[in-house]
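In case you want the letters, here they are:
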Amino acid sequence: MAGYYYLMAQLPSLTTGSVPGISYKDFLLLAERFLSSSDVRILRSVSLVPPREEVKTGSSVVDGWFRKERALRLALARVRAGKLKRTDSSALGGMEASSVSEMVSAYPEISLAVKNAAAMEDPLEAERYLDKVRISFVRELGNGHFFDSEAVFAYAFMLLLLEREEAFSVESGRSAYMDIYNSILNVENSGG
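Residues numbered from 1 in each chain as written. Predicted model: local features only at pLDDT ≥ 70, side-chain atom pairs only at ≥ 80, totals over all residues. Heavy atoms only, no water.

S.K.: Tell me about helix H8 (residues 149-167), residues and numbers included.
M.R.: In this model, H8 (19 residues) spans 27 Å end to end at C-alpha, consistent with the 27 Å of a helix rising 1.5 Å per residue. The element H8 is largely enclosed, with a buried count of 14 among its 19 residues. (Helix = DSSP H or I, 4+ residues; strand = E, 2+ residues; numbered from the N terminus. Expected span 1.5 Å × (residues − 1). Buried < 20%, exposed > 50% of the residue type's maximum accessible area, 1.4 Å probe, protein only.)

Take a look at the structure:
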């Protein structure tokens, strides 16, 4: 346990709306020095995208994230399918509507969040709203864990979410747009 304390004590705090003080890659390199081999295996399975089928990782935080994120994604698919008036299982990732309803109904807060996001006109605003919901998932799952492996896994999810949030910045969007725009101009100017 002492290794987990030293790891968590030296990691920069994470705050929504700010640039993380460590990259996920650097976090992994540091964390792997302090974790047991089984916890390293679990940490390597951490992803914002849950596996299609439920898999037990050995971590309540990681398993909880995967369940909630899977339910969120299925609820979003159900709303999108409804807007497109599609009822077939392919619109729900190959799952039957009853299975999706059962999975989503286990988390009423997810249904409300998806309903709120679907009502937003701006897709970027909706995505940012859903990321706030995801951050609340992580905080809830990591609640009561301070210097153990579960705290490390919750930190990993939070860091991934903040890096994702940073990627949505206006400046990086503008930069990507300008890169594409300039490449188009260069192709036209070169006669190609």
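S.K.: With reference to specific residues and values, describe the packing of aromatic side chains.
M.R.: Scanning all chains against the criterion turns up seven aromatic pairs. Both rings, one in Phe27 and one in Tyr155, keep their centres 5.2 Å apart while their planes meet at 35 degrees; by these two values the pair is tilted. You can see Phe27 sitting in helix H2 (residues 24-34) and its partner Tyr155 sitting in helix H8, a full 128 residues away along the chain. Taking the centre distance of 6.2 Å and the plane angle of 70 degrees together, the rings of Trp65 and Phe137 count as edge-to-face. With a gap of 72 residues between them, Trp65 in helix H4 (residues 60-83) and Phe137 in helix H7 (residues 123-142) connect regions that are remote in the sequence. Exposure remark for Trp65: the relative accessible area of 0% places this residue in the buried category. You can call Phe137 buried: its relative accessible area is 1%. Through pairs of rings, three or more aromatic residues link up here, namely Trp65, Phe66, Phe137 and Phe157. (Phe/Tyr/Trp six-rings, centres within 6.5 Å; stacked < 30°, edge-to-face > 60°.)

S.K.: Go over H2, please, and point to the residues and values.
M.R.: What H2 keeps buried is the set Tyr24, Phe27, Leu30 and Ala31. All buried residues of H2 fall inside an arc of 125 degrees around its axis, so they share one side. Turned more than 90 degrees away from the buried face of H2, the exposed residues are Lys25, Leu29 and Arg33. (Arc of directions from axis to C-beta.)

S.K.: Kindly report on the packing of H2 against helix H3 (residues 37-45), identifying the contributing residues and their values.
M.R.: Between H2 and H3, the least distance of the axes is 10 Å, while the angle of their chain directions is 170 degrees. Here H2 lies roughly antiparallel to H3, going by the angle between them. Crossing geometry of H2 relative to H3 is assigned as right-handed. Here H2 contributes Tyr24, Phe27, Leu28, Ala31 and Glu32 to the contact with H3, which in turn contributes Val40, Leu43 and Arg44. Residues that form the contact of H2 with H3 fall into these classes: six nonpolar, no polar and two charged. (Axes fitted to C-alpha atoms, helices over the stretch in contact; angles between N-to-C directions. Parallel < 35°, antiparallel > 145°, perpendicular 65-115°, else oblique. Left-handed = near helix turned anticlockwise from the far one by under 90°. Contact = heavy atoms within 4.5 Å. Nonpolar A, V, L, I, M, F, W, Y, C, P; charged D, E, K, R; others polar.)

S.K.: Requested: an account of the pattern of salt bridges, with residues and values cited.
M.R.: Scanning all chains against the criterion turns up eleven salt bridges. With a closest N to O distance of 2.9 Å, Glu140 and Lys68 form a salt bridge. With a gap of 72 residues between them, Glu140 in helix H7 and Lys68 in helix H4 connect regions that are remote in the sequence. Among the ionic pairs, Glu69 bridges to Arg134, the shortest N-O distance being 2.9 Å. Of this pair, Glu69 sits in helix H4 while Arg134 is found in helix H7, placing the two residues 65 residues apart along the sequence. A relative accessible area of 0% places Glu69 in the buried class. Salt bridges here are not isolated pairs; linked through shared partners, they connect Glu69, Arg73, Glu127, Asp131, Arg134 and Arg164. (Salt bridge = Lys/Arg side-chain N within 4 Å of Asp/Glu carboxyl O.)

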